[in-house]
Number of protein chains: 2
Amino acid sequence: MAEVATARRSRITPEREAELYEAVLELLREVGYDALTMDAVAARTKSSKATLYRQWGGKAELVAKAVRQNKPGGFGNIDTGSLRGDLHALTMHSDDCQMEQNSALMRGLAMAIHGNPDLLTAFKEHLIEPEMAEFRRVLERAIARGEVHADNPALNYVMHMMIGGFAARSLIDEQPPTQAFLLSYIDAVVLPALGVSAG
Amino acid sequence: MAEVATARRSRITPEREAELYEAVLELLREVGYDALTMDAVAARTKSSKATLYRQWGGKAELVAKAVRQNKPGGFGNIDTGSLRGDLHALTMHSDDCQMEQNSALMRGLAMAIHGNPDLLTAFKEHLIEPEMAEFRRVLERAIARGEVHADNPALNYVMHMMIGGFAARSLIDEQPPTQAFLLSYIDAVVLPALGVSAG
């Protein structure tokens, strides 16, 4: 059974996949995207380049999937019964240390995206779209429960608000976003804009 | 009189200063921050490097002031009598073409900031702080008029919301922020978060 299930995509087990992603993130933090090579990933993980290319197609997709696996929020099945609960749960998914590490990593990758259109494409497919879909599911449940009006214009801007909180925290406040900051930002900005009481 | 007024800082007239800033922005768009030299600015503007250094101290300050002079929003004396009017007026200050040009310029400079701490310092002093002060004045008048409660927690996050709108527009929607987008974002997000009706 296990043999059949893993053979669908490849011989790589989920544990081995997680190990590979961890090594890719390590290398990214050490040398950055532009200097990262598939040779270095192969050497660090003791795998063959052929396996890496067969499994991931290329560097951009490998990096996007490694970041996704590690990202704050995750793409779990959060359903707490309230919009505030769901948004807070998405935030609580990673601790402050992870958030600080990810914040540095994402700044580096945001710069690399400018010179690498394939990285932007991979990011959209494997990170931005799945994250937007997760937010849409959370918001659709809030509409179904009657918490948010279906025609509330802020529904189109939830990702803008969240990304703004993250990005501006580094720029204005010169500190990485913490859980406490994001929870307070959700209560002060995101929920009131959607017409939901934070109390 | 004019002699005395301009001599306070230097022999450079406001018209000449505006010309210089325009040339700096032109060069920035052509070669980017890292490749921009004071020699090139001196040559392009037919001024001496000594004048440039006496007037601006260095490249970072010169660039920050050039961007400030050109920036959407400006730092005028907007006072329309309502928070919505003031925020819309700040946005209407520049047209979509300027906004698109500035958006590209700011992306390049945001990248340069990572490798140039003196550019970050100059940006904070000449761009971020004055812009935050302008927003604070607008918000303080709104509190004084009774439009916004003085203890509304979203007051701490107005710049986060605005920067988020700008930054996420490029990333999520793959288009530069337009006036129409920003006006709609202010009405859907910023005003409701502050407890002000957009209607």
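This is a predicted model, so every value here is computed, not measured.

## A word on the layout of surface pockets
Argument step 1. Reported here for the second largest pocket is a volume of approximately 230 Å³.
Argument step 2. Taken together, 16 residues form the lining of the second largest pocket, with Arg136, Leu139, Leu155, Asn156 and Tyr157 of chain B sitting closest to its centre.
Argument step 3. Of all the secondary structure elements, the ones that give two or more residues to the lining of the second largest pocket are α9 (158-173) of chain A together with α8 (117-144) and α9 (158-173) of chain B.
Argument step 4. With six residues, α8 of chain B is the single largest residue contributor to the lining of the second largest pocket.

## Side note on the packing of helix α2 (residues 14-31) of chain B against helix α3 (residues 38-45) of chain B
Residues and elements named next belong to chain B.
Argument step 1. Two elements in contact, α2 and α3, have axes whose closest approach is 10 Å; the angle formed by their N-to-C orientations is 125°. With respect to their mutual orientation, α2 and α3 come out oblique. In this structure, the crossing between α2 and α3 has a hand that is right-handed. Seen from α2, the contacting residues are Arg16, Leu20, Ala23, Val24, Glu26, Leu27 and Glu30; seen from α3, they are Ala40, Val41, Arg44 and Thr45.
Argument step 2. For the contact of α2 with α3, the residue count by class is six nonpolar, one polar and four charged.

## Here we look at α2 of chain B
Residues and elements named next belong to chain B.
Argument step 1. Along its 18 residues, α2 runs 26 Å from first to last C-alpha, staying within 8% of the 26 Å computed at 1.5 Å per residue.
Argument step 2. For α2, every residue scored as buried is listed here: Glu17, Leu20, Tyr21, Ala23, Val24, Leu25, Leu27 and Leu28.
Argument step 3. In this fold, the buried residues of α2 make contact with α3, α4 (49-56), α5 (59-70) and α7 (96-115).

## Some thoughts on the environment of Gln55 of chain B
All names here are of chain B.
Argument step 1. Locating Gln55 in the fold gives a position in helix α4.
Argument step 2. Accessibility expressed as a relative area gives 11% for Gln55, which makes it buried.
Argument step 3. Remark: the alpha-carbon pair of Gln55 and Glu17, spanning 38 residues in sequence, is separated by 9.9 Å.

## Regarding the interface of chain B and chain A
Reports of interface size often rely on the accessible area that becomes lost once the parts have come together.
Argument step 1. With 29 residues of chain B in contact, the opposing surface of chain A contributes 29 residues.
Argument step 2. Regarding the contact of chain B and chain A, the summed buried area is about 2,600 Å², with carbon and sulfur atoms giving 77% of it.
Argument step 3. Ranking the residues of chain B by area buried against chain A places Tyr157, His160 and Ile172 of chain B at the top, with a combined share of 25%.
Argument step 4. Taken together, the connections running from chain B to chain A amount to zero salt bridges.
Argument step 5. Along the contact surface separating chain B from chain A lie two residue pairs in polar contact (both at pLDDT 80 or more).
Argument step 6. If you list the elements that add at least two residues to the side of chain B that touches chain A, you get α7, α8, α9 and α10 (179-193) of chain B.

## Some details on the domain arrangement of chain A
Residue and element names in this part refer to chain A.
Argument step 1. What the domain assignment reports for chain A is domain 1 (1-58) and domain 2 (71-199).
Argument step 2. The interface of domain 1 with domain 2 comprises five residues on the first partner and eight residues on the second.
Argument step 3. Surface buried jointly by domain 1 and domain 2 totals about 540 Å² across both partners, of which 65% is contributed by carbon and sulfur atoms.
Argument step 4. When the area that domain 1 buries against domain 2 is broken down by residue, the three leading residues are Leu28, Arg29 and Tyr33, summing to 83%.
Argument step 5. Inspection of the region where domain 1 meets domain 2 yields zero salt bridges.
Argument step 6. Where domain 1 touches domain 2, the interface holds one residue pair in polar contact (both at pLDDT 80 or more).
Argument step 7. Within the side of domain 1 that touches domain 2, the residues separate by chemical class into three nonpolar, no polar and two charged.

## Section: α5 of chain B
All names here are of chain B.
Argument step 1. Between its terminal C-alpha atoms α5 stretches 17 Å, which fits the 16 Å expected from twelve residues at 1.5 Å a residue.
Argument step 2. Taken as a whole, α5 has its buried residues at Ala60, Leu62, Val63, Ala64, Lys65, Ala66, Val67 and Asn70.
Argument step 3. Considering only its buried residues, α5 is in contact with α2, α3, α4, α7 and α8.

## Quick word on the side chain of Thr91 of chain B
All names here are of chain B.
Argument step 1. Structurally, Thr91 is set in helix α6 (residues 83-92).
Argument step 2. Classification of Thr91 as buried rests on a relative accessible area of 7%.
Argument step 3. A polar atom in the side chain of Thr91 sits 3.1 Å from the backbone oxygen of Leu87.
Argument step 4. Each residue touching Thr91, except ones within four places of it in the same chain, is listed here: Met99, Gln179, Leu182, Leu183 and Ile186.

## Observations concerning unusual backbone geometry
Argument step 1. The phi angle at Lys46 of chain A is positive, at roughly 50°, despite the residue not being glycine.
Argument step 2. Relative to the helices and strands, Lys46 of chain A is located in the loop between α3 (38-45) and α4 (49-56).

## Observations regarding the pattern of salt bridges
Think of it this way: side chains of opposite charge can pair up when their charged atoms draw near.
Residue and element names in this part refer to chain B.
Argument step 1. Within this structure, the stated rule accounts for 20 salt bridges over all chains.
Argument step 2. Close ionic contact of Glu19 with Arg16 constitutes a salt bridge, the shortest N to O distance being 3.0 Å. With Glu19 and Arg16 both in helix α2 and three residues apart, the pair spans about one turn of that helix.
Argument step 3. Under the relative-accessibility criterion, Arg16 is labelled partly exposed at 25%.
Argument step 4. Of the charged contacts in the structure, one is a salt bridge between Arg141 and Asp86, with a shortest N-O distance of 3.0 Å. With a gap of 55 residues between them, Arg141 in helix α8 and Asp86 in helix α6 connect regions that are remote in the sequence.
Argument step 5. Under the relative-accessibility criterion, Asp86 is labelled buried at 0%.

The rules behind each value
- Residues numbered from 1 in each chain as written.
- Chains lettered and ligands numbered in written order.
- Predicted model: local features only at pLDDT ≥ 70, side-chain atom pairs only at ≥ 80, totals over all residues.
- Heavy atoms only, no water.
- 1 Å grid on protein atoms, 1.4 Å probe; cavity = no way out; pocket = protein on both sides within 12 Å on 5 of 7 lines; lining within 4 Å.
- Points joined across faces, edges and corners; volume = space filled by probe spheres on them.
- Helix = DSSP H or I, 4+ residues; strand = E, 2+ residues; numbered from the N terminus.
- Axes fitted to C-alpha atoms, helices over the stretch in contact; angles between N-to-C directions.
- Parallel < 35°, antiparallel > 145°, perpendicular 65-115°, else oblique.
- Left-handed = near helix turned anticlockwise from the far one by under 90°.
- Contact = heavy atoms within 4.5 Å.
- Nonpolar A, V, L, I, M, F, W, Y, C, P; charged D, E, K, R; others polar.
- Expected span 1.5 Å × (residues − 1).
- Buried < 20%, exposed > 50% of the residue type's maximum accessible area, 1.4 Å probe, protein only.
- Buried area = accessible area lost by both parts, 1.4 Å probe.
- Salt bridge = Lys/Arg side-chain N within 4 Å of Asp/Glu carboxyl O.
- Polar contact = N/O pair within 3.5 Å; in protein donor to acceptor, adjacent residues only side chain to side chain.
- Domains from an automatic or database assignment.

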